[in-house]
Structure formats: structure tokens, C-alpha cells
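Reading the structure
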Amino acid sequence: MSKSLSLEKLANFCKTRGFIYPSSEIYGGLSGIYDYGHYGYLLKENIKNAWIRNMINERDDVYLLDSAIFMHPTTWVASGHVATFDDPMVDCKDCKHRYRADHLLAEFGVEIDDKATTDEINQKLDELRTNNKLFCPNCKSKNLTQARRFSLMVKSNLGCTVDSISDDELTYLRPETCGGIYLQFKNVVDTLHAKLPFGIAQVGKAFRNEIVARQFIYRTREFEQMEMQYFLHPSEMEFKYNEWKEYRWKWYLEYGINETSLKWYKHEKLAHYASDAYDIKYNFASLGEFAEVEGIHARGNWDLSQHTKYSGMTLDYYDQEIKERYIPHILETSAGLGRFVMMFIDNAYTEEIVNDDTRIVLKLDKRLSPIKFAVLPLFKKPDLQNVAKEIYHHIKKYYIAEYDDSGSIGKRYRRQDEIGTPYCITVDYQTLEDNKVTIRDRDSMEQIRIKIDDLDTKCEALVQNNR
Ligand code: ATP
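Starting from 1, residues in each chain are numbered consecutively following that chain's sequence as written. This being a predicted model, a pLDDT of at least 70 is required before a residue's local features are given, and a value of 80 or more before pairs of side-chain atoms are given or counted; all residues contribute to the totals for chains, interfaces and linings. To get the side-chain values, all heavy atoms of the structure are used, and hydrogens and water are removed first.

At a minimum axis separation of 10 Å, helix 2 (residues 38-57) and helix 11 (residues 337-348) run at an interaxial angle of 105 degrees. Judged by the inter-axis angle, helix 2 sits roughly perpendicular to helix 11. Each of Leu-43, Lys-44, Ile-47 and Lys-48 in helix 2 lies in contact with helix 11, whose residues at this interface are Leu-337, Phe-340, Val-341, Phe-344 and Ile-345. Think of it as three bins: nonpolar holds Ala, Val, Leu, Ile, Met, Phe, Trp, Tyr, Cys and Pro, charged holds Asp, Glu, Lys and Arg, and polar takes everything else, Gly as well. Taken together, the residues of the contact of helix 2 with helix 11 sort by class into seven nonpolar, no polar and two charged. To obtain each axis, a line is fitted to C-alpha atoms, and for helices this fit is confined to the stretch in contact; angles are then taken between N-to-C directions over 0 to 180 degrees. Numbering of helices and strands starts at the N terminus; helices are DSSP runs of H or I of at least 4 residues and strands are runs of E of at least 2. Orientation categories follow fixed angle ranges, with anything under 35 degrees roughly parallel, anything over 145 roughly antiparallel, 65 to 115 roughly perpendicular, and all other angles oblique. Whether two residues touch is decided by their heavy atoms; if any such pair falls within 4.5 Å, the residues are in contact.

Before going further, it helps to examine the site of the ligand. Any residue with at least one heavy atom within 4 Å of a molecule or strand is counted as near it. Around the ligand lies a shell of 16 residues, among which Glu-210, Arg-219, Thr-220, Glu-292 and Gly-336 are the nearest. Breaking the shell around the ligand down by element, the ones donating at least two residues are strand 10 (222-232), strand 13 (289-298) and strand 16 (329-336). Taken together, the residues of the shell around the ligand sort by class into four nonpolar, four polar and eight charged.

All right, on to the nonpolar core then. Side-chain atoms within 4.5 Å are what join buried Ala, Val, Leu, Ile, Met, Phe, Trp, Tyr and Cys residues into a set we call a nonpolar core. Note on classification: 1.4 Å probe, protein chains only; a residue is buried when its accessible area is under 20% of the maximum for its type, exposed when over 50%, partly exposed between these limits. Of all hydrophobic cores here, the largest spans 59 residues; its most connected members are Phe-340 and Phe-344. It is helix 11 that contributes the most residues to this core, eight residues altogether.

What makes a salt bridge here is a side-chain nitrogen of Lys or Arg within 4 Å of a carboxyl oxygen of Asp or Glu, nothing more. Summed over all chains, the structure comprises 35 salt bridges. A salt bridge links Arg-17 to Glu-418, with the nearest nitrogen and oxygen atoms 2.6 Å apart. Of the two residues, Arg-17 is situated in the loop between helix 1 (7-16) and strand 1 (20-22) and Glu-418 in helix 13 (residues 409-418); the sequence distance between them amounts to 401 residues. Asp-102 is the salt-bridge partner of Arg-100, the closest N and O atoms lying 3.0 Å from each other. For the residue pair Arg-100 and Asp-102, the accessibility class agrees, reading buried in each case. Through salt bridges with shared partners, one network takes in Glu-352, Arg-359, Lys-363, Arg-414, Asp-417 and Arg-440.

This brings us to the domain arrangement of the protein. Taken domain by domain, the protein comprises domain 1 (7-68 + 181-346), domain 2 (87-150) and domain 3 (371-465). Relative to domain 3, the C-alpha centre of domain 2 lies at a distance of 55 Å. For the purposes of this description, domain bounds are those given by an automatic or database domain assignment.

Two cysteines, two sulfur atoms, one covalent bond between them: this is a disulfide. Here, two cysteine sulfur atoms that lie within 2.5 Å of each other are counted as a disulfide. Across all of its chains, the model carries zero disulfides by this definition. Cysteine Cys-92 is unpaired, with the sulfur of Cys-95 as its nearest cysteine sulfur at 3.7 Å.

What follows is about the sheet that holds strand 16. Sheet strands pair via backbone hydrogen bonds, and the direction of the pair is either parallel or antiparallel. Two strands form a pair only when DSSP identifies at least two bridges running between them. If you walk across this open sheet you meet the seven strands as 3-9-10-16-13-12-11, and the pairing is mixed. Bordering the open sheet on either side are strand 3 (62-64) and strand 11 (262-266), each of which pairs with just one other strand. Ignoring strand direction, the axes of neighbouring strands in this sheet form an average angle of 25 degrees. Pairing of strand 9 (residues 198-207) with strand 10 involves ten bridges; the strand directions are antiparallel. Residue pairing across strands places Phe-207 opposite Glu-222, the latter belonging to strand 10. Packed onto the sheet, helix 8 (residues 185-192) meets strand 3, strand 9 and strand 10 and runs at close to 135 degrees relative to strand 9.

For the rest of this paragraph, the subject is helix 6 (residues 118-130). By this rule, a helix spans an expected 1.5 Å times one less than how many residues it contains. The terminal C-alpha atoms of helix 6 lie 18 Å apart, and with 13 residues this matches the ideal 18 Å at 1.5 Å per residue to within 8%. Once helix 6 finishes, Asn-132 follows within two positions and takes phi at roughly 60 degrees, a positive value.

What follows is about the pairing of strand 16. Of all the eight residues making up strand 16, eight are buried; the element is thus mostly covered by neighbouring parts of the structure. Covered by surrounding structure in strand 16 are His-329, Leu-331, Thr-333 and Ala-335 together with Ile-330, Glu-332, Ser-334 and Gly-336, the residues of both alternating faces. Sheet topology note: the strand 13/strand 16 ladder contains five bridges and is antiparallel. Pairing of Gly-295 across the sheet is with Ser-334, part of strand 16.

Below you can see the structure in the form of C-alpha cells.
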């Protein structure tokens, strides 16, 4: 078994197998934007559902929300995004290549926290310059600018009837989903009678004008986030923070990510309101490094306090038991759905030698597989096709399934292996005599023979076994 997986190979695999396509490809593409094909869509939905199960089915203190992408312009002034949601940027004056300054420093072995100030970054860049060690990785020129801030906010002209929009009226495409959660905190307490501590979770699109988006779907300008904001009394923060860290960590293991492929990254430099911040990093074979997939942050009561200040509506909570009124503190878990899609494919992608041939198999957790069953007649003959189609139409009522009768059976098995289908059901000539089919397991490639009449029970058991 081997794992030679470059970023280019992964992107090519995802495109040719119908998972992910570059957006607007016929017009030359749009940098940092991707479309999900049939299998990518299904995989993404399964990951999203696995996350929602973790938030909702497996606990009883989290509620769902689906807030709008557009929000009142003051939202992003209050949250600090308009003033400070930016990244440090360095340009090469010769080849015009652009770099995120902290990533450029990392290329020269200088680690700097992503909360570092522009001055701190420029100091590090100057140290490299003085030692004649700073150059453009693309064209090797030493003609690089100082770091300057580049806003990540994506502006819109929503509702605008005049040519110029004042800053106060400017609407943005939301840069993160949690803004909507803060603004609906009161409604959730009032309408669902939610008692602290509780969380609000949502999955939705977010937009960021990333300086560089060259890492396939790891960093895109339009992406989906899965965020949960947990509201609590400050005295509970330490305990709940550790509990949530452990809870989220276990989710990765449950879905087949090996513990050795994960690590915690502790932010040493915290935002002034935060008391703790950790990221979960996954070791991407395709990136050749550990990279962030989720952040778990203790945010104090900054968010609700800011929205209280700017809206004039007090976003507090009265605790009947302790007879105390206070602005709740927030613990956040924040993950990227696209990054999870990339992580699960990166993790599942396997090349094995079988009978002197390379077999590519996507060893996804079976709950995440886009297609659960493929029904295949052994040959393209009407009597076999008819039975196989009948089975397929029946199974399709309950599971996402696929029918395929093109090419040799070996090639069809390989195709299903590549998209991670856990089970292939094959109809052969013997089926016409004994009413039995074979079920082939993706990972072991073992086949069992069972009666068509027992298929329903068997399929259910197979899928439940992996629930
Ligand atoms: P990074 O340091 O990689 O830019 P971040 O720390 O800015 O990420 P957060 O603002 O904490 O990210 O967002 C939470 C999560 O949203 C990240 O852990 C990541 O999974 C996802 N995410 C953030 N930006 C992007 C992006 N441009 N493309 C895809 N996913 C993203």
C-alpha cells in the first residue's frame, strides 16, 4: 500500500472521477473557486450530515440555524471585520506574484503566528533581507515589497440604487457563518426556551478574498463552513472547553482519520478577548504538511457585547437558578466543509498492487461513501441486465445506488473502488438458476453469495454495521 499523492494528482483524480471541477473552466476558470460534481456533492452532503449528527443527534444541547448570507452592514463593523479582517500581503515587483506574508515567511523556515502584527511581520522579513535570504520563490527576484494589509471582505452592491455607496450602507458577502448565530441568539432563547449552556450550529457559505488560493479546495474564495457557537456562564468555560476539544477530536477518529495524522496547534498569541484557542491540524499527504481543518476557540463575551453596543439591544441572559443576569461567553467550533472533503479524500486515497496491477481505492468510511451499492450484471446480456435493473430500482428506493453494465466486470469493480463504493452486487448466469447474487466488499474484495430475497435484510445490516 502506498500514499504518493501530490496536490496536482489529487485535483486531477477529483476532476476525472466526477468529484470536483474547476469553476467556469470553459472560460479559463476562476481562481480559488470550485464546483462539486455528482460524487463530490454526495460526499460533501454525507460529511455535513455526519457533523450535524455529532451536533444534534448525539447531544441535546445544540440547535440548528440557517441564517442568510447577507446581513445588516453594521454586523461586520461591530464584529471588527470591516476594520481588521485582513491578511498581510507581499508583492514581487518583478514577476507580480502575490504572497500571504506569513506563508512566505514559512517558506524560509520562519514561523509566525497568524495574529502577528504587520510590524512584527516586517521585522521578520527585514531580518531575512539583511541576511540576503529573502527572494521571490517564483522568479528568485529580491525586489519584494514590505507587507501591507489586504482586506478579505467581499463587497456587494445589494439594494443599491445609486452609483456610490457610503461605507455605512455597504453590504458584504459574509466572511464567516457565525455572525448570523450571534444575531439570532435572543430569538433562539425566547422561542425555543433554550437554557444555558447551549449551542447553535449552522452550515453555510462564506466568502473571503484570499490573497492566494492555490491549494485546490483547501483554500478557496467561496466555501462552506460548519460552525457551532456554545453560549455559557464564564465559570463553566474551562471545563466545557476541554470537553468540546475531546468531543470534536473523537469525531475525526470515528470517521477513519488516524490519530497519528492529527495534531493540536495552540495559538500563543490570542485576540484580546479570547482565553484559549486551539486548531486541529490534519497531515495532508497532498500538501506535504499538517494544516488547519478546524478551530476551537474560547471567545469570552466579546461577540454578544459588541452586538449589544452597536445594536442597542442587550444580548444578555437571565439565569433563574443562580439569579444572575449576564452576557454569555462563547466557545466556538469552526470547520471548513471543503477542507473536510479534501481531508477525507486525501486520507482515503490508496494505491495497492493486486495481481501485478495498481488498484486505486478510496477507503472512505462507508457512511461517507457517495454511492452505497453498485448493481452490475456480469455481462451485457438482456436476461442478466433485466434482473440487475430490477434489483437496482428496488435498492434505489432506500440507498444512493448505481447501475453499470459497460465494460468488463473487472473494470467496473475498479471504477467503483475509485469512487469509494463499499459494495458491488453482481448478477451472473447462476443467478438465473438459483436466485442468488454476489456481494463484493470494497476493502477485502471478498465476495459472498446470498439469495435475492435476503438482499433487503443484508443491505440494511451492511449499512447499519457501519453506522
Ligand atoms: P487559515 O489560517 O487557514 O486562513 P483561518 O484561521 O482564517 O484559516 P477561521 O477563520 O478560523 O480560519 O475559519 C474556520 C475554518 O473555516 C478553518 O479551520 C477552515 O477549515 C475553514 N476556512 C477558512 N478559510 C477558508 C478558505 N478560504 N477556504 C476553505 N476553508 C476555509
